[in-house]
Amino acid sequence: MQPNAPTVFISTAILGVGAVAVIGWSVVWTVFAVTLLVTTLVAIHRSIPRKER
Amino acid sequence: MKDIYLLIPAHDEEVGIEAAMASVEAQTKRPTRRIVVSDNSTDRTVELARARTGWEVWETVDNTGKKGGALNQAWARLEPALSGSDYIVTMDADTILDERFVEAAFAKYEQAIARGRTLGGVCANFSGLQLDTALGVLQMMEYARAEKINRSRGGLAPVLAGAATMFSVEALRSVSRMRGHLYEPVLTEDYELSIALRVNGYTTMAPRTCKARTDLMPTVGMLWAQRLRWYRGAFECLRSHGFKRGTRADIGWLAFSLWAAASRWLFLVALTATVLTIGHMAFSPWLLLLFAFASGIRMVQVRDLGWKYVLLAGVMVEELYYAFFLEAALWRSFYLAFFGRTAGNW
């Protein structure tokens, strides 16, 4: 049986709350900060023109 | 002698077909044959196309495969007469080619041959046709960024957009020999063909000299439908091809995009939860500096469009809504591709 949208959403929410309860907010914020840093680095990398092949 | 055959698949395109054909007639390097492939048109598409000199107009027979099916029929008809050194250009009936598109794409192939490279397809970098709305401006900025991203890859392009691409006949034959036809009945037949070419060892490019303009989506609903089709089509193509040469980089990029999109939404949720439970929120100056830096990058990416666009990118607010919109479409497409009960229609 394939999951439908509500079950996917509820399981994600439960996972999220569970993860925050176990690891704490500070880790969550750190993950966000790392993601922001990585996406910014990727954006920089993708803004630099390179010699055409 | 290297011949160039240009095909315009068209289904009820009376509004834009003449402008598209005029852009072909204005090419600095003229295709050997120019063909409009009308697919089940019920408007004046065929009449308008036949009225122009120097064009052939073909009509599909019992085609149920929409654009890809029309091009498959045209390929089957043309293929016996083609030599391996010929080229085929396909373009949409709502696309306006830059007058040097064919010349620039041909030159890229000549360069690739001289360097011993196997180039399978050369696609245009797109900008939008005039649409004086906020949605139009945001799409223009998105297209400008896509061009910058292609430049950062040294001109390599993951998708040979059906809207304007020149293919090498030899490369197309490598695909048709494998499966008996060119285009598969999927949502994004152009992306699927791009993957098939890369899997066969061909490079796919969008050189900076190749340009075209295409229609922008005028309403949020149409944009949503377009993006669902693009993203879902991409997920389904990658799933059917699997993790191998030609798909690895795209799978990695989509996985990263999904994570980045989820992270932005979860960040908002976490922010709200924190404010509700603690009552306030303090940002580190370093985080604000990072935001400012990200804003600066976004400004640089659209500088070719002019100062108004740069200013808008700097403010970021409107683009933030737009990013949320696209990310929602990305996740919805992911869900439909992997858990949707109905198959995507061609």
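Look up: the structure comes first, before these words.
Anyway, here's the lowdown on the structure attached to this text. On a predicted model such as this, the values are computed, not experimentally measured, just so you know. (Residues numbered from 1 in each chain as written. Chains lettered and ligands numbered in written order. Predicted model: local features only at pLDDT ≥ 70, side-chain atom pairs only at ≥ 80, totals over all residues. Heavy atoms only, no water.)

### Structural notes on the overall build of chain B
Within chain B one finds 12 helices and 10 strands. Rg of the C-alpha trace for chain B: 22 Å, near the compact-globule value of 20 Å for 346 residues, within the 12% margin. Considered along the principal axes of its C-alpha atoms, chain B spans approximately 75 × 45 × 40 Å. Here chain B holds 346 residues, and 51% of them are scored as buried. Averaged over its 39 positive side-chain charges, chain B has a centre that lies 8 Å from the centre of its 35 negative ones. (Helix = DSSP H or I, 4+ residues; strand = E, 2+ residues; numbered from the N terminus. Rg over C-alpha atoms; globule rule 2.2 N^0.38 Å. Buried < 20%, exposed > 50% of the residue type's maximum accessible area, 1.4 Å probe, protein only. Lys, Arg positive; Asp, Glu negative; His and termini not counted. Charge placed at Lys NZ, Arg CZ, Asp CG, Glu CD.)

### Comments concerning empty space enclosed by the protein
What the rule picks out here adds up to three cavities of 30 Å³ or more. Approximately 80 Å³ is the volume found for the largest cavity. Together, R53 of chain A together with K108, Q111, A112, R115, R117, L119, T203 and M205 of chain B line the largest cavity. No other element matches the three residues that helix α4 (residues 101-114) of chain B contributes to the lining of the largest cavity. In terms of residue class, the lining of the largest cavity is made up of three nonpolar, two polar and four charged. (1 Å grid on protein atoms, 1.4 Å probe; cavity = no way out; pocket = protein on both sides within 12 Å on 5 of 7 lines; lining within 4 Å. Points joined across faces, edges and corners; volume = space filled by probe spheres on them. Nonpolar A, V, L, I, M, F, W, Y, C, P; charged D, E, K, R; others polar.)

### Considerations on the packing of helix α5 (residues 134-152) of chain B against helix α10 (residues 285-301) of chain B
Residue and element names in this part refer to chain B. Relative orientation of the contacting elements α5 and α10 amounts to 90°, with a least axis distance of 9 Å. When the axes of α5 and α10 are compared, the pair comes out roughly perpendicular. Residues A144, R145 and K148 of α5 pack against R298, V300 and Q301 of α10. By residue class, the composition of the contact of α5 with α10 is two nonpolar, one polar and three charged. (Axes fitted to C-alpha atoms, helices over the stretch in contact; angles between N-to-C directions. Parallel < 35°, antiparallel > 145°, perpendicular 65-115°, else oblique. Contact = heavy atoms within 4.5 Å.)

### Thoughts on the state of the cysteines
Disulfides are covalent bonds that connect the sulfur atoms of two cysteines. All names here are of chain B. Enumeration according to the criterion identifies zero disulfides over all chains in this entry. Take C210: it sits in no disulfide, and the sulfur closest to it among the cysteines is that of C123, at 8.4 Å. By relative accessible area, which is 0% here, C210 ends up buried. The cysteine C237 is free of any disulfide, with C123 supplying the nearest cysteine sulfur at 15 Å. (Disulfide = S-S within 2.5 Å.)

### Focus on the pattern of salt bridges
All names here are of chain B. By the definition in use, this model includes 20 salt bridges over all chains. In this structure, K67 engages D92 in a salt bridge whose closest nitrogen and oxygen atoms are separated by 2.9 Å. One end of the pair, K67, is in helix α3 (residues 66-78); the other, D92, is in the loop between β4 (87-91) and β5 (95-97), and 25 residues separate them in sequence. Residue R232 is joined to E236 by a salt bridge in which the shortest nitrogen-to-oxygen separation is 2.8 Å. Of the two residues, R232 and E236 both sit in helix α8 (residues 220-241), four residues apart, roughly one turn of that helix. The same class applies to R232 and to E236, which are both buried. Overlapping salt bridges bring together K67, D92 and E189 as one network. (Salt bridge = Lys/Arg side-chain N within 4 Å of Asp/Glu carboxyl O.)

### Considerations on the environment of R239 of chain B
Residues and elements named next belong to chain B. Along the chain, the position of R239 falls in helix α8. For the pair R239 and D250, spaced 11 residues apart in sequence, the C-alpha separation works out to 11 Å. Setting aside its immediate chain neighbours within four residues, R239 contacts A337 and F338.

### Thoughts on the sheet that holds β5 of chain B
Residues and elements named next belong to chain B. Taking strand neighbours across the sheet as the criterion, the three strands line up as β5-β10-β7 in an open arrangement whose pairing is mixed. With partners counted over all chains shown, the strands left at the sheet margins are β5 and β7 (125-128), one partner each. Ignoring strand direction, the axes of neighbouring strands in this sheet form an average angle of 30°. Lying on the sheet, α5 is in contact with β7 and β10 (211-214); it crosses β7 at an angle near 165°. (Pairing = 2+ DSSP bridges.)

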